[in-house]
Amino acid sequence: MPSSGHRLRDVEHHPLLAENDSYDSSSSSSSEADVADRVWFIRDGCGMICAVMTWLLVVYADFVVTFVMLLPSKDFWYSVVNGVLFNCLAVLALSSHLRTMLTDPGAVPKGNATKEYMESLQLKPGEVIYKCPKCCCIKPERAHHCSICKRCIRKMDHHCPWVNNCVGEKNQRFFVLFTMYIALSSVHALILCGLQFASCVRGQWTECSDFSPPVTVILLIFLCLESLLFFTFTAVMFGTQIHSICNDETEIERLKSEKPTWERRLRWEGMRSVFGGPPSLLWMNPFVGFRFGRLQTRPRKGGPEFSV
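Under an unreviewed UniProt entry, the name given to the protein is Palmitoyltransferase, and the organism recorded is Odobenus rosmarus divergens. Under the UniProt heading Subcellular location (unreviewed entry), the note attached to the protein is "Membrane".

Draft legend 1. Region of interest: unusual backbone geometry. Notably, R142 is not glycine yet its phi reads approximately 75°, a positive angle. Tracing the sequence through the fold places R142 in the loop between β4 (137-139) and β5 (143-146). Look at R142 and you get buried, because its relative accessible area is 11%. Positive phi, close to 50°, is recorded for N164, a residue that is not glycine. The class of N164 is buried, set by a relative accessible area of 0%.

Draft legend 2. Looking closely at the UniProt feature "transmembrane region" (unreviewed entry) in the protein. The sites that UniProt annotates as "transmembrane region" (unreviewed entry) are residues 48-70, 76-94, 174-197 and 217-238. Summarising residues 174-197: 100% helix, 0% strand, and an end-to-end C-alpha distance of 34 Å. Secondary structure within residues 217-238 divides into 100% helix and 0% strand; the distance between the first and last C-alpha atoms comes to 31 Å.

Draft legend 3. Region of the structure containing the packing of aromatic side chains. This structure, assessed with the given rule, holds six aromatic pairs. Judged by centre distance (5.1 Å) and plane angle (85°), the rings of Y60 and F222 are edge-to-face. One end of the pair, Y60, is in helix α2 (residues 45-70); the other, F222, is in helix α6 (residues 213-247), and 162 residues separate them in sequence. Relative accessible area serves as the criterion here: at 42%, F222 is assigned to the partly exposed category. Between F63 and F67 the ring centres are 5.4 Å apart and the planes differ by 35°, which places this aromatic pair in the tilted class.

Draft legend 4. Structural context of the nonpolar core. Among the nonpolar cores identified, the biggest contains 22 residues, and F175, Y181, I182, I245 and F275 are the most heavily contacted of them. Secondary structure elements with two or more residues in this core: α3 (76-102), α5 (172-202), α6 and α8 (268-275). With seven residues, the top contributor of residues to this core is α5. Counting 14 residues, the second largest nonpolar core, distinct from the first, contains A61, M69, L220 and L223.

Draft legend 5. Here's a closer look at the state of the cysteines. By the definition in use, this model includes one disulfide. One disulfide in the model links C200 with C208; its S-S distance is 2.3 Å. Because the torsion about its S-S bond is 100°, the bridge between C200 and C208 counts as right-handed. For the residue pair C200 and C208, the accessibility class agrees, reading buried in each case. The thiol sulfur of C50 is not disulfide-bonded, and the nearest other cysteine sulfur, from C46, lies at 4.2 Å.

Draft legend 6. View of α3. Taking 1.5 Å per residue, 27 residues should reach 39 Å; α3 reaches 38 Å between its end C-alpha atoms and fits that length. Of the residues that open α3, the one with a side-chain oxygen 3.4 Å from the backbone nitrogen of W77 is D75.

Draft legend 7. Structural detail: the pattern of salt bridges. Applying the stated rule across the entire model yields four salt bridges. The closest approach of N and O atoms between R142 and D248, which form a salt bridge, is 3.0 Å. Of this pair, R142 sits in the loop between β4 and β5 while D248 sits in the loop between α6 and α7 (251-255), placing them 106 residues apart in sequence. In terms of burial, R142 and D248 fall into one category: buried. When the shortest N-O distance is used, the salt bridge between R142 and E253 registers 2.8 Å. Here R142 is found in the loop between β4 and β5, whereas its partner E253 is found in helix α7, with 111 residues between them in sequence. Both residues of the pair, R142 and E253, belong to the buried class. Through salt bridges that share partners, R142, K155, D248 and E253 make up one connected network.

Draft legend 8. Layout of α6. When the terminal C-alpha atoms of α6 are compared, their 50 Å separation across 35 residues agrees well with the 51 Å that a helix rising 1.5 Å per residue should span. Along α6, the residues that are buried comprise T216, L219, L220, L223, E226, S227, F230, T234, M237, Q241, S244 and I245. Following α6 by one or two positions, D248 adopts a phi angle in the positive range, close to 50°.

Draft legend 9. Geometry of the pairing of strand β6 (residues 151-154). Summarising the sheet, β5 and β6 pair through four bridges and their orientation is antiparallel. Within β6, the residue paired with C146 across the bridge is R151.

Rules of the game
- Within every chain, residues take consecutive numbers counted from 1 along the sequence as written.
- Totals for whole chains, interfaces and linings use every residue, but because this is a predicted model, local features are given only for residues with pLDDT of at least 70 and side-chain atom pairs only at 80 or more, for both listing and counting.
- Calculation of side-chain values draws on the structure's entire complement of heavy atoms; hydrogens and water are dropped beforehand.
- UniProt positions are given in the numbering used here, feature names are shortened, and annotations may be inferred rather than shown by experiment.
- Every helix listed is a DSSP run of H or I at least four residues long, and every strand listed is a run of E at least two residues long, numbered separately from the N terminus.
- Note on exposure labels: buried denotes an accessible area under 20% of the residue type's maximum, exposed denotes more than 50%, and partly exposed covers the range between, all computed with a 1.4 Å probe on protein chains only.
- Ring pairs shown here join Phe, Tyr and Trp side chains whose ring centres sit within 6.5 Å, with only the six-membered ring taken for Trp; geometry is labelled stacked below 30 degrees between planes, edge-to-face above 60, and tilted in between.
- By nonpolar core we mean a set of buried residues, namely Ala, Val, Leu, Ile, Met, Phe, Trp, Tyr and Cys, connected to one another through side-chain atoms within 4.5 Å.
- Two cysteine sulfur atoms form a disulfide, by the criterion used here, when they sit within 2.5 Å.
- Expected span of a helix, by definition, is 1.5 Å for each gap between consecutive residues, and there is one gap fewer than residues.
- Polar contact is defined as a pair of N or O atoms within 3.5 Å, subject to the rule that within protein one atom must be able to donate a hydrogen and the other to accept it, and that residues adjacent in sequence are counted only when both atoms are side-chain atoms.
- Any carboxyl oxygen of Asp or Glu that lies within 4 Å of a side-chain nitrogen of Lys or Arg is treated as forming a salt bridge with it.
- Strand pairing is defined by DSSP finding a minimum of two bridges between the two strands.

What follows is the structure, encoded as structure tokens:
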């Protein structure tokens, strides 16, 4: 039990881990530098399927734009400019998706609710701390437990199956970039589809594509539907994420109507805290801060994630 100088709040009244408890906390309490070198990945079947579907849909869109619309075009510069633009947006979108999926969203180390850790916190008399009964960790302020990641996540906004990860303190920036680039590429694809339909109608579907007219129509209609759905979803998510950042309030906190006990970072201050530094083009770059992780597997106990 904690000392009389402070209190430990636990909804399920689980005691602190004692020294002789069987839970091995050493495997999950790595240093910050060690954690920064590892790649995070959640082994969730639904999330992995959704992530693969996302990539396949983007690859399909790139195939239709490149091989159905641009390469058969007689306008060389029209094909080059739009091809480079669309493929750049697709690469940035998929890179942002990877960074979101493979970045630790801000997981709290498991099993750190030990007497030694409590003593190292140097708590003030009467200070209240919270322990998660599910992953046996001391929960920082604004952290929430994710039932899919099996971890408490700092500033957890939500768990997104399309990126197979939680959106939290450390990867929210990449999720915002992912939604933005998908929305932009979807708008670009819709514009190209409209121009392609007009060109095919004027040419009576004779030379507008290397594919037969029925196949071309099916491919274009499916791309239009995909782009419309992707744009609607990602544009809404992008707007809600920017609103949350500017108001320094996560989606969970908004849905639970939690009263802020922290000093809010509003508007540009909130944007700088998420994207880092003053406004610049680096905010749009998903490769900033990227480095290859060490190729060393590290088994984890009691959770679906693994690191390399």
